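Structural overview
In case you want the letters, here they are:
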Amino acid sequence: MSYRKVLLEQVAHTRSGDKGNTSNIAVFAYEPELYPLLKEQLTAERFKAFHRAAITGDVLRYEVDNIHALNFVAHGALGGGVSRSLSLDNYGKALSAAILGFGIEVPDALAHLLRTRQPA
């Protein structure tokens with residue numbers, strides 16, 4: 001089977017929320033057939049490593065199979081908390097947008113399910 005590496009933005013979309021020094025980021029597969037790829041490749045360890053020093057605490061991953069989503073709870077992700085930090089880049093929305101640049105291996109047989117950006 002042959003594969004292609006694509007950005008997560010072609011496979012899924014994200015939503016986020018902040019509370020104190022914790023960011024909550026949900027990643028939703030566009031299609032149910034793409035969800036197993038997320039479960040296999042987007043682990044809590046890879047999520048944290050992708051964000052490097054922006055997340056200083058643990059990252060927990062919860063699988064929400066019935067809606068084809070992964071929910072990541074990142075502790076120590078907001079520089080002490082949104083209202084305490086001078087770093088706007090650490091807001092949960094920035095972290096959720098950034099993870100869309102994560103690379104995912106997709107079998108060519110599923111390539112027709114990928115989303116692409118439409119020119120403005």
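Our structure is the block above this text.
Throughout what follows, the structure given in this document is the object of discussion. Keep in mind that this is a model prediction, so the values were computed, not measured.

Attention shifts here to the nonpolar core. Residues Leu8, Val11, Leu38, Leu42, Ile104 and Val106 are the most contacted members of the largest nonpolar core, which totals 31 residues. For this core, the secondary-structure elements that each account for two or more residues are strand S3 (22-29), helix H1 (35-41), helix H2 (44-51), strand S5 (69-75), helix H3 (92-99) and strand S6 (103-107). Among all residues touching Val11, those that are not within four sequence positions of it are Val6, Phe28, Ala29, Tyr30, Leu34, Leu38, Ile104, Val106 and Leu114.

A few words on the pairing of S5. Counting buried residues along S5, six of its seven residues qualify, which places the element largely inside the surrounding structure. The pairing of S3 with S5 spans seven bridges and is classified as antiparallel. Bridging across to S5, Ala26 finds its partner in Asn71. Direction of pairing for strand S4 (residues 59-64) relative to S5: antiparallel, over a ladder of six bridges. Along S5, the bridge assignment pairs Glu63 with Leu70. Hairpin remark: S4 followed by S5, antiparallel, with four residues in the connecting loop; positive phi at His68, about 55 degrees.

Thresholds applied
Residues numbered from 1 in each chain as written. Predicted model: local features only at pLDDT ≥ 70, side-chain atom pairs only at ≥ 80, totals over all residues. Heavy atoms only, no water. Core = buried A, V, L, I, M, F, W, Y, C linked by side-chain atoms within 4.5 Å. Buried < 20%, exposed > 50% of the residue type's maximum accessible area, 1.4 Å probe, protein only. Helix = DSSP H or I, 4+ residues; strand = E, 2+ residues; numbered from the N terminus. Contact = heavy atoms within 4.5 Å. Pairing = 2+ DSSP bridges.

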